[in-house]
Structures are given as C-alpha cells and as structure tokens.
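# A closer look at the structure
This is what each chain is made of:
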Amino acid sequence: MAVNLPVPSGVAFPPVFHRSQDRQRKPATSGKRSIFAQEIAARRGSEASIPPVRGVVSTQDRPEGAVTCESLTPREQDHQLPCGSQNFQGPHLVTGKGLRDQEAEQEAQTIHEENIARLQAMTPEEILQEQQRLLAQLDPSLVAFLRSRSRTHEQAEEKAIEEQRAGAPSVEVSGEEPIMPASASEPRQEDEPEPGTPALALPVAPHKEWLHMDTVELDKLHWTQDLPPLRRQKTQERMQARFSLQGELLAPDVDLPTHLGLHHHGEEAERAGYSLQELFHLTRSQVSQQRALALHVLAQIISRAQAGEFGVQLVGSVLRLLLDAGFLFLLRFSLDDRVDGVIAAAAHALRALLVAPGDEELLDSTFSWYHGAMVFPLMPTQEDKDDEDEDEEPSGEKAKRKSPEERNQPPSDLARHDVIKGLLATNLLPRLRYVLEVTCPGPSVVLDILAVLIRLARHSLESATRVLECPRLIETIVREFLPTSWSPVGVGPTPSLHNVPCAAAMKLLRVLASAGRNIAARLLSSFDLRSCLCRFIAEAPQELALPPEEAEMLITESFRLWAVAASYGQGCDLYRELYPVLIRALQVMPKELSTHLPQPLSMQRIASLLTVLTQLTLAASSTALQPSSDSAEASLSATPSLITWTQVSGPKPLVEPCLRQTLKLLPRPEMWHALGPVPTACLLFLDAYYRTWSQQPDLCPGDWLQDMERLSEELLLPLLSQPTLGSLWDSLGRCSPLCNPQSCAPVPEALPSLVSLGCMGGCPPFSLAGSASPFPVLTSLLTLFNTLARIHKGLCGQLAAVLAAPGLQSYFLQCVAPAAAPLLTPFSVWALRHEYHLQYLALTLAQRAATFQPVPATNAALHHGMALALLSRLLPGSEHLAHELLLSFVFRLEFLPERASGGPEAADFSDQLSLGSSRDAGCGRGALLAQACQDLPSIRSCYLTHCSLTRASLLASQALYRGELQRVPSLLLPLPKEPLLPTDWPFLPLIHLYHRASDTPSGLPPADTVGTAMRALQWVLVLESWRPQALWAVPPGARLARLMCVFLIDSELFRETPIQRLVAALLARLCQPEVLPNLNLDCPLPGLTSFPDLYASVLEHFEAVSFGDHLFGALVLLPLQRRFSVTFRLALFGEHVGALRALGLPLTQLPVSLECYTGPPEDNLDLLQLYFRALVTGALRPHWCPVLYAVTVAHVNSFIFSQDPKSSDEVKAARRSMLQKTWLLADEGLRKHLLHYKLPNSLLPEGFELYAQLPTLHQQYLQRLTLGMTQNGVSET
C-alpha cells in the first residue's frame, strides 16, 4: 500500500472558511469525507493546476540601476508608489467577503478595475499627494494593519520565488495569490528590524521547522540573550532596593550567577534580586507557586527589617511602605485563596508582620517577676478616650459606645490608624477558624495562626473579647490542639498538630484570660479547661508522650494559665486535686537546680509553678472584701475563695530550701544567670506566705513572728553582708532604662499603627530585661523586706540596712539629677514600670525605718527627692503607688531635714545677700518655710484632694498591689499615654482654682479659696527653696504663668497678707540671677496655649482691680523687659495705656535690674511712637509710674539722637519729627529729661542720670536741626 506524504503548504492549518461557501469541489469518490479533508484535497488540486503568469519580470533580467521594493527601507517604501503599479495582480484588500460567492468575486474584480483605471489616470505626484491625504485622515492603527497585509503578500511572493529559484534557474511566479491564514503569516510592524540594527545574538537559532516558529518574533526572544553588563554606580543617587529570595538586601553592584533565579524581571535586567513592586506584581500571578514564593520573600523581608538588618541602607521604612501599598489587605485576600501553599505563605507573612518573636520571649521570661503578668495593651495611643478605656464590659456595650463614624469606617481607614482593628474589620477571625477546622493545615501554619491570634488578644480587651466570641474558634482550638488523649509523638518533625497538645494553644488561652476576669471565668466554665489543666500538670514532662521541649512548654503554659485564673481568685478548687502533684514537683526541684547547667525551659517551668503557689496563697487570705455595688464585676468579686490557709501552708518548707540553694549560686555568675526567674519566684512566694499568714485571725501572732526572726537570722541578714549582693546594687545604674534612655529608643521600623516592644534582637545582658539584670531579684527582695518590716517592727531597722548600699545611693543620685523626661515608647513604659517598682519599694522601706530610727540628713533629702521624682513619673496602672506616696512619704517632716538644720535661717541669709536689704523677720522666706513645715498635714490634704486619681483606676490598682484578688478586674493595664500626674503637679491646686473661677458665671470665689491657694504656694515655696530639682521640668516661664493665675482667680485673693508674702517670695526666686536668664516667654510653654493671651488677661484684670498694688505691678512689669517680645509692651502702651497710672511700683522694689528694661535700645518704630505719645500727653508721669517713665525716656532719647546711616527714610523722618517736637515741648522738665538723659540709675528719684550739658555730638546735631527749622520758618514767611 502506497503512503503519500502531505504536500507542504507553508502554514500550520488551513484558513477558516464559512460552511455556506461554494468551494466547487468535486464530491469525494471514496465515501464521505470531513470538511477538513475536502479542503486539503481542494488545496492540492489548485496547487497542481497553477497557470503561468504573463508579463513577469525575472529578478535576473532587471535593468542595471533599477530600484526594487526589496532594496528600499521600510520608511522609503511608505512614500513610494506601489511596486509594479503598471501590473496589478488582483485586489489585495477588497475580497467581497459577506456576499454570495459569484457576486463577491465579480464585485471585487469590478472595484479592482475601477481602482486601476483611476490610478493610471493620475500622475505620480498626484498619487503621492492623495496617499498623504488618506494617511492623515485614517487611524494610524488602521494604516499599520493595511501595511502589514501588504507586506504579508509581498513576503509570500518572495518566498515562493525563492523556492522556485532553488529548483530551477528560471521560475515563473503565479499571479494568483496563495491562500494563507493571516494569523500564521503576518508579522507585526514592530517586529520589523530597522536596517543597520545588529542581529540578536540568540543562544539557539530558531528554525522554521519548529512549531510556531515560521515567523520569528524577535522582541519575544530578547530574554534569551545574555544579560547586559552590570553598570557600576559612580554617583550617590538613590537606587531601587532589590532583595534575594531569602529577603536579604542585595548591593547595587553585586554580581550573582543567573542560576540563582534572581534575574527574572524586566527593569534593570542586569541587577540581581527583586524589588517590592515586582514582588507585589508576582503575588497576583495566576500560578500559585509564584504567589506563594512572593509572599514568602515578603515575609523574609519584613522579618529582616524588624530585626534592623537593613539599618541606614534604605531610605524610609519598609513596613510603612508595605502597609501604605496595601500589603495588609493583600495578605487578607491571600488567606482566601484555594491553594494550601498560598494560604500557608499568607499566614506566615501575616505572622511576620504582626508578631515580634522577641516581644513574646520577653513577656514570657518575665511572667514570674513582681507583677510580671500585668502588661500594657499593645495598641496605638492615638485612640479616642472611649476606646482606651480598658474597664471590662460586654462586647455589645463596647460596640454601643463606639461612635457611628468608627463603626462606618472602612477597614482601610481603620488600618491606617490601627492595623489590628483594620484586620478585625475584614472578618479575619472566621477565616482563621475555617482554615484550622476545615483545611487542617500543617504544623507551621497552625503555629503561625496561633501566634497571630495571641497578638490580636494582646491588642486590647475588645480584641480579646472578639477572639473569644468568634463562633467555634476557641472550641476548635481546644478540641484540636488541647486534647486530653493523643497518640504518642516522638522527637522530630510532626506531620500534623491536630489531635496533639500544643503549647501555643495553651498560651493563647492564657493571654485571653489575662485580658479580664470575665474572659477567664468563661474559659474555665465553657471549655472545660479544668480537665486540660489537670491532664497536663499531673504528669512530669518526660511522661507526656511529647517531644521534650514541647512538653516543658506545655506544662509551663498550663501553670501560667492557672496562675492567671488564680489572680482573679478562680480555679482554686484544682489545688485540692493537684496537691500531690505539686508537692512531688517541689520535692524534685532541688535536684533540677543542682544540675551542672540548668536548662532555661526547666527554670521557666519551676518559676511558673512557684507563681501558681504564690497566687493560690494570696487567694487564701481572709481579708474582708467589700465589692462596690456599681462595679460590673460585683457578682463575681463577691464569690468566696475556695481555698484555705491550712491547704496552702504546706509548700513553704519545700520552697525555702530551694531559695537557700539558689542564693548559694550568687557568687557564680554563670550559674546565677542560668537560674532565670527562679530566685525571684521563691522570694515572692515567701512574701505572699508571710503576708497571708499574718492576716489569719485564728492563729497566734507569736508563731509567725518567731518564724520571721528565724528566716532573717539564718538567711536574709547573712545575705546582706555578701559582697556579691553589693555588686547587684552597683549594676542598677548600668541596667536602668531611666539612667540610659537610649536603651529604650524606638526601633527603626516602629510604626504608630502597629505597636511592638521592639525586642526582635533580644535584650543585652546588662539591661533591665537582660540575663544579668539585678532588678527582678532586688525588687522581690525589697518586697519581702517590706512585708517583714510591716509585720515585725523589730526587724525594720536591721532590714533597712540594705538602703545604705553604695550602689543604691549612687543609683538614686542618678535618678534625681535634672534630665529630660523619659520618652514613652512601648518598650520604655514596660521597662520603666518595673524600675519604678524597685524605687517605690526602697522608698517604702526607708519610710518604715524612719518611724523607728532617725534618718541621716543626707539620706533623708535624697530619698525625698527620689520620691518627688518618682511621683511625677509613675504611669497608668500605678495609681495605688502614687496615692501612697502622697499619703505617707512626700509630706513627711522626717524627709525635710532642712527644717531642723537651719534651713529657714539659711534662706533668710541668702535673700539678704541677693537683695542687699533686710526685711521684717516675720515676713522673710525663712519664716514662710517654717510655717509651711508646720502646715504639712494641711498641705497634704490639699494635694490629696486636687491630685485625686480616677476612683475606678485607683480601686483596681489597690486590688492588684494589695493582693485583693476578688477585686482584680484585669491583668491588662490602662493605655500609657502619659504619666499619671503632670510635671507641674505642685501647681495643680492653683490651676484648678483658676479654671473653677473661669467657669463660674457669678464670679463668686469657691469655698476656702484662700486656704487652697496658700497651701499650694507654701508647698511650691518649699520645693523652690529645698528641692529645686523637683521643679526642673517646669520652666521658669511656666512657673510665672502659674503665679499669674493667683491674681486672676479673684479680685481680692491677691490682697490677702499670706498670699502676698508667698507670691513675693516666689517672684523673688524667679528673679534671681541664676534663674532669670532661663526665663523665656517667647517659646511655647507646657500647659499654656498662649502666654500673650494670658498676659492680656492679666493687664485687663490689673487695670480693673489692682488699685496700684505693688506686687501685682511687679508681676505686670516682669514680661516688659527688653529681651522679651515687643508684643507685651505694645499691649500695655497700645491697648491698656490706662494701666500706666496704677503701675506705681517704686524703683527700689523692682525685682530685677533697671538695665534689663533700658538695653538694648528699642528698634520698633510703632512702640517708640507710643512711648513718645504717652510722655507728651501726660499718660505716663514719673510719680505715677516711675519704672516705665525711666524706661521710656531712655528709649526715646536713644532714638532721637541715633544717627544710624542704615536706617530707612521712614525711620529718619520719624526721628527728625520726634526730635523737633521734643525741642518745642512746653514741659521743661520732660524736655530736659528727653534731651539730657545719660544713664539709668535706680537709686535716683527719676531713675536715671542727666547730663549737665549736652554732649558735643548731640549739641551739633540739635543745632543743625533747629537751624533747619528756623530757615523753614523764614522761607515760609
């Protein structure tokens, strides 16, 4: 059987035709054939019967010098006549498609003949002109299409000629156009290479036999070329950042091989790596692997950026750029993907964006510190007051309290201010629940999702509530990742975390429980967490059928969850069931502590166990509780404790030997640091033990007193004598964030909308949270000392010896030194809170010791200054500490040793030296200070009233620090926007009186206004005289503004004799030579909107009610000094000129030198004219206002005799006019003063000296002026 090969047609497929077309084919003789077979047969028949073409010119027979179309460039071809215009071979554009077959061919031929006749009747110039006109009218895309069709036919003819020429020397070309599909034969116009363009150096030459390579599209083959050479950057211009697949920032000039896959991008093809824009583009790819790869690279970039690896190499913040570009919602959309790999990459990227691993490690490692379980919410501070309120409420009520604007805001607007809120608005929680429950992802995805949920729960109480109330979310987590029975899991990678206990799931429940007591109660009651806790705590780590590290972390998190629940007085019933387990764990503790190098995870587990015992011991306290009726937790706080003192007294004999064992390792730093929080937890347990023991009414006090003496003699007092303890005190300053504010500086990638502690790289060893930090141990030691000293008064003196440590004294000196207020960053507020705990406990111990023994004057002054500094720095959540400082320490006479060591007399002597005059002994500053010391109880009552804190916050803080667990609402502290008290808190009573008087429409002063103002002024005077560093943060200008408020409170208050004396003493302090240069009234002052507005109010009040009061006048004159803004002087001489008659302050009582007003010469022309007008009109006279009279005379004299050549014409004219008017004055005294002024002298009655005769220069200048005046007068007559 013969096999015939198909005839080459030059195209891959036949052209598409309509079935109704009559192809005039002969019917097939061998049965029915398909349309495709019929078309192929017809094609073969037409090619076999091609008639010869008449009038064909061979390319070999062209005349010499003839120009062909092939020899022209494409640009020349566009402007030439059609080749062979005399031999048109048929219609190229008009095909007649759409008409009947016979009519189509006939009509196309008719149109073609008409076109030929018209072209032959036209000259070549007319053809070109018509061609240009048509090109201008047609669409350029249509012109390109027509030219491409023409070139397609020409290329087909050339190809046929070449094939025939290869077979015979003379080949005739058919005049009939071959049928070729346009899709296979017509190249695009941009694919035509320009003449002279070098051919592409392709690594593989394409052949026409290859599929779809009959027409080579060169622009699509550029990527196969070799990369262009890498350009070296010779300037400092910024370049686009490019990253590797591991998220590393690549240098602009790095040369990497292409097999690494870093060159698959269009822009800057020679540079390796991908830009953020290209990665964003790749995340929208249709290929799932590319989307997952892009998300993975972006996650790596975020992790490295948060770790600070990019440093100053990049301009701007990577995280800010990504969030502004919508990366947050790109991740949210990627979580909705159907491909598991993309979901996994999106979850990992979301964790990299939201979760800082260093933050979680820091908070976990400090959980067992003194109040270490309480943390600040990780939410932005730019929130409304209602959103910042962390009082626990049902989520429905919180939603009702939201403003309609916030409820209607789109997620993008919310995310701009708070990333977590924006995410929660996109229904993220239901999607995460679906991924965990339905898709059953791998272990890495589960851990990523749990980490994201933990970060959401740390954001705020509202976020934690939304996580808890998400349908089936917590249910799924407890069922799938906290089962009570599971198959044993060995060491190594785990194929799935479903139905396997997971420590991260237990940590999520613990963080949720920390947000509020209601959440903790719902977790314990609704999800049967008691069974989970019993199951995981009942067995040792090596018996849990889990990998060792996972078992350690799971038991640790179980202890921590139990400790959080016990902090609210919940879960105490588990103690009876797990008592044997706890005792067994305590019994094996000495063995674990005696290992060569304790394991960190084991130490965290032991510390968590001790923390649970501490909270359970506090829960056994029998202190009577009085829950407030208006509290939302009244019903829960009234629940009695389910544990008694008899049950919790057993572990103490086992804990004390562990403490002894750990303290023996203090001289060995490497072993001591490896213990972690275990010594701290032991000390805190003993503190809770003795506190609760002393509150048992049915027990004999002698028992616990004897036990305290034994503990002190055997353990604590020998510890105080150890040199290694002194080294801990010495390292306080080095590890203090207050003394080293740069350690709390915000990280480079910190964003206001995404709060992070910034501990990605870990904390240095010598920092507050570092491994060598002395703060946790010393804080817990001071806690135990305070409890023992409060219960056993006889031990107070012995234990207070710890305050004499040189390291502690040096640390206090650094803390009270004048310095800028610490910057409040998320990490600094966390670290400063723990540092303030140590300071407060040390001061409390000093106060207890001062009750039984005299305190050295040096130590007393230092401790009092430390208390004042601490009071102005305490953060929200420490309301109880601030209240206790105001109540018992700040206003105690024992800590004002100057009272008994000649302080008042020294103040009087200092005033006499500085003022140069003696005053009445009863009116001096010394007498005022002595009286203030006697009135300290009244002063304390005044400040307790006016520095009162929010009642709800104070009650919550008292419950936390006093161990009243039934009243603790939450372990989530209030949002730390600013310290509890302002830096100018000593002036708060005055400010409150001023605002109250402004708000009272009747103008009647509040009750006891004089007493309140007097107590506040007394205390400010005490601080100004003996504790000036306490007011260092309040600039002198702000202090002056607060004193002005005294005169604005009432029209009679400033006339009271005690007020007059106190204000005069404080004003004299502001006018001292060492303070006066720092008095700046031209800059913004804290707590004041505008000082010029306040001064205008003072002038108005002075003009209305002063009646020439000298003290009020001195206060008005103080801002009129020459170095201050001209606004104050213009206000007096322009708007309140009537007040000049009441400013009768004598020159001898002026608190500052007269030269402060007269020099340098005034240069404001408007003010000088006001000066001259006040003098000439008699509004300003020497017996009415001697100070300002001398000042205005000095400035006017300096102006009229100044001869500055640089002055403007306006100033020169005003100077001549003023001098002329002075010369013509009728008042001889004023005329003499203005012309003969010499120097200011406050000892003279006028306040200045006069020339006996005018100086020569002045005389000559005056003669020239008067001569000109005479000549002008003669010429006018």
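About the thresholds
- Within each chain, residues carry numbers counting from 1 in the order of the written sequence.
- Predicted model: local features are reported for residues with pLDDT of at least 70 only, side-chain atom pairs are reported and counted for 80 or more only, and whole-chain, interface and lining totals are derived from all residues.
- Each side-chain value is derived from all of the structure's non-hydrogen atoms; neither hydrogens nor water enter the calculation.
- Comment: elements are numbered from the N terminus, with helices defined as DSSP H or I runs of at least four residues and strands as E runs of at least two.
- Buried, partly exposed and exposed residues are distinguished by accessible area as a fraction of the type maximum, computed with a 1.4 Å probe on protein chains only: under 20%, between the cut-offs, and over 50%, respectively.
- Contacts between residues were defined by any pair of non-hydrogen atoms, one from each residue, lying within 4.5 Å.
- Throughout, the Shrake-Rupley method with a 1.4 Å probe supplies accessible areas, and for residues the shown protein chains are the sole cover considered.
- Each helix should span, by expectation, one fewer than its residue count multiplied by 1.5 Å.
- We count a salt bridge whenever a side-chain nitrogen from Lys or Arg sits within 4 Å of a carboxyl oxygen from Asp or Glu.
- Only protein atoms enter the calculation, which uses a 1 Å grid: trapped sets of points that fit a 1.4 Å probe without letting it out are cavities, open sets showing protein on both sides within 12 Å along at least five of seven lines are pockets, and any residue with an atom within 4 Å of a point is a lining residue.
- Grid points are joined across faces, edges and corners, and a volume is the space filled by probe spheres set on the points.
- In this classification, the charged set is Asp, Glu, Lys and Arg, the nonpolar set is Ala, Val, Leu, Ile, Met, Phe, Trp, Tyr, Cys and Pro, and all remaining amino acids, among them Gly, are polar.
- Note that His is not counted, nor are the chain ends; the positive residues are Lys and Arg, and the negative ones are Asp and Glu.
- As used in this record, nonpolar core signifies buried Ala, Val, Leu, Ile, Met, Phe, Trp, Tyr and Cys residues forming a set joined through side-chain atoms within 4.5 Å.
- Every angle, taken between N-to-C directions, lies between 0 and 180 degrees, and every axis is a line fitted to C-alpha atoms, over only the stretch in contact when it is a helix.
- By the definition adopted for this analysis, an angle is roughly parallel if under 35 degrees, roughly antiparallel if over 145, roughly perpendicular if from 65 to 115, and oblique otherwise.
- Left-handed describes a crossing whose near helix is turned anticlockwise from the far helix through less than a right angle; right-handed describes the clockwise counterpart.
- pLDDT is a per-residue confidence score from the predictor, ranging from 0 to 100.
- Centres within 6.5 Å are what make two rings of Phe, Tyr or Trp a pair, Trp counting through its six-membered ring; a difference in plane orientation under 30 degrees is then read as stacked, over 60 as edge-to-face, and the rest as tilted.
- Definition of a polar contact: a pair of N or O atoms within 3.5 Å, with one able to donate and the other able to accept a hydrogen when the atoms are protein atoms, and with sequence-neighbouring residues admitted only if both atoms are side-chain atoms.
- Note on disulfides: each one is a pair of cysteine sulfur atoms within 2.5 Å.

### A look at the overall build of the protein chain
Helix and strand counts for the protein chain come out as 59 helices and four strands. Within the protein chain, the fraction of its 1277 residues that count as buried is 48%. Long-range pairs, those at least 24 residues apart, make up 76% of the contacts in the protein chain with a sequence separation of at least 6. Just so you have it, the protein chain exposes about 62200 Å², and 54% of that area is on carbon and sulfur atoms.

### Some remarks on helix α28 (residues 600–619)
An α-helical turn contains 3.6 residues, so any two residues separated by three or four positions project in the same direction. With 20 residues, α28 should cover 28 Å at 1.5 Å per step; its first-to-last C-alpha distance of 29 Å lies within 8% of that length. When you tally the buried positions in α28, you get 18 out of 20 residues, the bulk of the element.

### Examining the pattern of salt bridges
Scanning the entire structure with this criterion turns up 46 salt bridges. The partner of Glu-437 in a salt bridge is Arg-433, with the nearest N and O atoms 2.6 Å apart. You can see Glu-437 and its partner Arg-433 sitting in helix α18 (residues 428–439), four residues apart, about one turn around the helix. You can call Glu-437 partly exposed: its relative accessible area is 23%. When its relative accessible area of 13% is taken as the criterion, Arg-433 is described as buried. In this structure, a network of salt bridges that share partners links the residues Glu-360, Asp-364, Arg-458, Lys-507, Arg-510, Glu-557 and Arg-560.

### What to know about empty space enclosed by the protein
This model, assessed by the stated rule, comprises eight cavities of 30 Å³ or more. One number sums up the size of the largest cavity: a volume of about 410 Å³. Of all the elements in the fold, those that place two or more residues in the lining of the largest cavity are α25 (548–567), α28, α33 (678–694) and α46 (951–962). Residues that form the lining of the largest cavity fall into these classes: 17 nonpolar, eight polar and two charged. Considering the residues around the second largest cavity, the lining is formed by Leu-363, Phe-367, Gly-372, Ala-373, Val-375, Ala-457, Arg-458, Arg-510, Val-511, Ser-514 and Leu-972.

### Remarks on the side chain of Glu-884
With respect to the element layout, Glu-884 can be found in helix α42 (residues 879–889). Buried and without a salt bridge, Glu-884 has Arg-962 as its closest oppositely charged side chain, separated by 4.1 Å. The contacts of Glu-884, once residues within four sequence positions are left out, are Tyr-840, Phe-889 and Arg-962.

### Considerations on unusual backbone geometry
Omega for the peptide link from Gly-1159 to Pro-1160 comes to -5°, which places this bond in the cis form. In this structure, Pro-1160 sits in the loop between α54 (1155–1158) and α55 (1165–1177). Positioned with a positive phi, Asn-499 is a non-glycine residue whose angle comes to about 65°. Tracing the chain through its elements places Asn-499 in the loop between α21 (473–481) and α22 (503–514). Of note in the backbone geometry, Asp-528 takes a positive phi value of approximately 55° without being a glycine. Its place among the elements puts Asp-528 in the loop between α23 (517–526) and α24 (529–537). Owing to a relative accessible area of 46%, Asp-528 belongs among the partly exposed residues under this scheme.

### What about the nonpolar core?
Most often, soluble globular proteins have nonpolar side chains that are buried together. By size, the foremost hydrophobic cluster in this structure holds 364 residues, and its most contacted members are Trp-562, Trp-985 and Trp-1019. The biggest single contributor to this core is helix α40 (residues 826–852), with 15 residues. Other than its neighbours up to four places away in sequence, Trp-562 contacts Leu-533, Ile-537, Gly-571, Leu-574, Tyr-575, Leu-578, Leu-582, Val-612 and Leu-616.

### A short note on α42
Burial within α42 is extensive, with nine of its eleven residues counted as buried. Structurally, α42 contributes buried residues whose contacts are with α40, α41 (857–871), α45 (936–946) and α46.

### Section: the packing of helix α31 (residues 652–663) against α33
At their nearest, the axes of α31 and α33 sit 9 Å apart, and the two run at 140° to each other. With respect to α33, the element α31 is oriented oblique. Relative to α33, α31 is oriented so that their crossing is left-handed. Facing α31, whose interface residues are Lys-652, Val-655, Cys-658, Leu-659 and Thr-662, α33 presents Val-678, Pro-679, Cys-682, Leu-683, Phe-685, Leu-686, Tyr-689 and Tyr-690. A per-class count over the contact of α31 with α33 returns eleven nonpolar, one polar and one charged.

### A look at the confidence of the model for the protein chain
Residues at a pLDDT of 70 or more form 81% of the protein chain, whose mean pLDDT is 83. Ranking the elements of the protein chain by mean pLDDT puts helix α6 (residues 182–185) last, at 33, and α22 first, at 97. The model gives residues 1–5 a pLDDT under 50, and that stretch makes zero contacts with residues more than four places away or in other chains. Every residue in residues 163–197 scores below 50 in pLDDT, and together they form 48 contacts with partners more than four places removed in sequence or on other chains.

### Concerning the packing of α55 against helix α56 (residues 1186–1200)
The contact between α55 and α56 brings their axes to 10 Å, and the two run at 120°. Between α55 and α56, the angle is such that the two are oblique. As for how α55 packs across α56, the hand of that crossing is left-handed. The segment α55 lies against α56, with Leu-1165, Leu-1168, Tyr-1171, Phe-1172 and Leu-1175 engaging Tyr-1189, Thr-1192, Val-1193, His-1195, Val-1196 and Phe-1199. In terms of residue class, the contact of α55 with α56 is made up of nine nonpolar, two polar and no charged.

### Digging into the packing of aromatic side chains
Each pair of aromatic rings is reported with the distance of its centres and the angle of its planes. Counted by the stated rule, this structure contains 28 aromatic pairs. Here the aromatic rings of Tyr-575 and Tyr-579 are separated by 5.5 Å at their centres, their planes lie at 75°, and the arrangement is edge-to-face. In this pair, Tyr-575 and Tyr-579 both sit in helix α26 (residues 574–587), four residues apart, roughly one turn of the helix. Given a relative accessible area of 2%, Tyr-575 falls into the buried group. Taking the centre distance of 5.5 Å and the plane angle of 35° together, the rings of Phe-1047 and Phe-1054 count as tilted.

### What to know about the environment of Val-342
Looking at the element boundaries, Val-342 is found in helix α11 (residues 340–354). Given the relative accessible area of 1%, Val-342 is considered buried. Val-342 sits 49 residues away from Leu-293 along the chain, and the two C-alpha atoms are 8.5 Å apart. Val-342 has contacts with Ser-288, Arg-291, Ala-292, Leu-295, Ser-334 and Asp-337, leaving out every residue within four places of it along the chain.

### Description of the side chain of Ser-1207
Counting through the fold element by element, Ser-1207 comes out in the loop between α56 and α57 (1209–1223). At 3.2 Å, the side chain of Ser-1207 and the side chain of Arg-1215 are in polar contact. Those residues in contact with Ser-1207 that lie beyond four places of it in its chain are Lys-1212 and Arg-1215.

### Observations regarding the environment of Ala-294
Here Ala-294 shows up in helix α8 (residues 288–306). Overall, the relative accessible area of 0% leaves Ala-294 in the buried class.

### As for the state of the cysteines
Under the criterion given, the structure shown has zero disulfides. Between Cys-815, a free cysteine, and Cys-739, which holds the nearest cysteine sulfur, the sulfur-to-sulfur gap is 4.2 Å.

### Observations concerning the environment of Met-553
By the element assignment, Met-553 lies in helix α25. Classification of Met-553 by relative accessible area gives partly exposed; the value is 34%. A sequence separation of 47 residues divides Met-553 from Met-506, and the C-alpha atoms of the two residues are 9.4 Å apart. In contact with Met-553, not counting residues within four places along its chain, are Ala-503 and Leu-601.

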